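Structure at a glance
The residues making up each chain are set out below.
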Amino acid sequence: MKRIFVLTGAGISAPSGIQTFRGSDGLWNGYRVEEVATPEAFDANPSMVYDFYNARRSGLFEVQPNAAHRAIARLAKSADVTVVTQNVDDLHERGGASSVVHMHGELRKVRCLDCGEVVLWDTDLTSSDCCPRCQGRMRPDIVWFGEIPYGLDQIEAELRRCDLFLCIGTSGNVYPANDFVSFAKRHGAYAIEFNLESTMISDSFDECVTGDVVETVPEWVSQAESRL
Ligand code: BJW
Ligand code: ZN
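Reading the values: the criteria
- Residues numbered from 1 in each chain as written.
- Chains lettered and ligands numbered in written order.
- Predicted model: local features only at pLDDT ≥ 70, side-chain atom pairs only at ≥ 80, totals over all residues.
- Heavy atoms only, no water.
- Near = heavy atom within 4 Å.
- Polar contact = N/O pair within 3.5 Å; in protein donor to acceptor, adjacent residues only side chain to side chain.
- Areas by Shrake-Rupley, 256 points an atom, 1.4 Å probe, with all protein chains shown as cover.
- 1 Å grid on protein atoms, 1.4 Å probe; cavity = no way out; pocket = protein on both sides within 12 Å on 5 of 7 lines; lining within 4 Å.
- Sits in = over half its atoms within 2 Å of the grid points.
- Helix = DSSP H or I, 4+ residues; strand = E, 2+ residues; numbered from the N terminus.
- Domains from an automatic or database assignment.
- Buried area = accessible area lost by both parts, 1.4 Å probe.
- Salt bridge = Lys/Arg side-chain N within 4 Å of Asp/Glu carboxyl O.
- Pairing = 2+ DSSP bridges.
- Axes fitted to C-alpha atoms, helices over the stretch in contact; angles between N-to-C directions.
- Points joined across faces, edges and corners; volume = space filled by probe spheres on them.
- Nonpolar A, V, L, I, M, F, W, Y, C, P; charged D, E, K, R; others polar.

Here we take up the site of ligand 1. Surrounding ligand 1, one finds 36 residues, the nearest of these being R22, R56, T170, S171 and N195. In the environment of ligand 1, an oxygen atom lies 2.8 Å from a nitrogen or oxygen atom belonging to the side chain of Y53. Here a nitrogen atom of ligand 1 and a backbone polar atom of L196 are 3.2 Å apart. Look at ligand 1: alone it shows 1,500 Å² of surface, and the protein chains cover 76% of it. Among the cavities detected, the one that contains ligand 1 is the largest pocket. Mapped by element, the contributors of at least two residues to the shell around ligand 1 are α1 (10–13) and α4 (46–59). Here the shell around ligand 1 spans two domains, since at least three of its residues come from each of domain 1 (1–17 + 65–104 + 149–228) and domain 2 (19–62 + 105–142).

This brings us to the domain arrangement of the protein. A common way to report how large an interface is uses the accessible area buried once the components associate. For the protein, the domain assignment lists domain 1 (1–17 + 65–104 + 149–228) and domain 2 (19–62 + 105–142). The straight-line distance from the C-alpha centre of domain 1 to that of domain 2 is 25 Å. Surface buried jointly by domain 1 and domain 2 totals about 1,100 Å² across both partners, of which 52% is contributed by carbon and sulfur atoms. Summed over the shared surface of domain 1 and domain 2, the result is one salt bridge. The salt bridge partner of R108 is D90, with a shortest N-O separation of 2.6 Å.

The next point concerns the sheet that holds strand β5 (residues 118–120). One open sheet accounts for three strands, arranged β5-β4-β6; its pairing is antiparallel. Both edges of this open sheet fall to β5 and β6 (138–142), since each of them pairs with a single strand only. Adjacent strand axes in the sheet meet at a mean angle of 45 degrees, parallel and antiparallel pairs treated alike. For strand β4 (residues 105–112) and β6, the ladder comprises four bridges, and the chain directions are antiparallel. Among the inter-strand pairings, G105 is bridged to a residue of β6, identified as I142.

Roughly 970 Å³ of volume is contained in the largest pocket. In terms of lining, the largest pocket is formed by 40 residues, of which the most central are A10, F21, R22, T170 and S171. Put simply, the parts of the chain that give the lining of the largest pocket at least two residues each are α1 and α4. By residue class, the composition of the lining of the largest pocket is 19 nonpolar, 16 polar and five charged.

Right, dumping it as structure tokens:
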């Protein structure tokens, strides 16, 4: 069975109605990134950071996975697929993917600042919420700038052995995800990018498929299914 590594970014969830980070209607337009996505910002103004993530968490219940999420889940029937997402939403899982690495964390989880306990959390989080294990303060379980992404050991192992690297809906602005394509290619993978436009990392790919992921990804998966 072919090994396929799928890296996704905000562009796969944009057609479901979740804003991207760096588009003209991107989330960062309302908030300066360093105000909400760094540990320093959380220390300086926790209630703003709580509000930002509370709004996004409650927004999750109003959106649905789209045809691209479902096509990736379908691909796992004909190949050995690893899905690594930079997204903090749960649309891959709701689209049928069985195991997903959320390298930048998950909106539906919070983490204790004292003991590290991670708890499923579907309601608003405030500074008065306490850890069920040690009563410590809780923060969104999100990887902020300057923090180490999750799952890097597994990611590196899968990048080394994949035959095909698919990169779907990411601008390639953020390290280390923007390095994965070069790493996979150095270890022998063929790499394809799916995006509306060319990105900072497009030159690293063997093929770039331009268009809306809800069309390009299902179409590519349908064609691939007969070849894999
Ligand atoms: C469509 C579409 C449609 C839309 N169809 N396409 C200087 C130089 C280099 C690196 C650094 C530096 N200074 C600091 C760093 C490191 C830093 C970094 O990269 N900073 C850069 C901004 C410069 N990175 C880190 O700090 C990371 N940690 C780290 O490096 O640790 C050290 C270490 C690593 C590894 C080993 C050892 C040590 C942590 C990064 C954490 C990122 N966190 C965020 C926010 C938190 C999550 C949240 O709140 O949701 O994660 S930032 C934000 O960007 C979010 C995203 O996951 C991430 C990537 O964004 P993405 O997904 O690419 O979205 P967009 O909006 O940028 O792009 C969307 C794309 O979709 C566009 O291209 C559209 O065209 C496309 N699109 N609709 C097809 N329908
Ligand atoms: Zn705790």
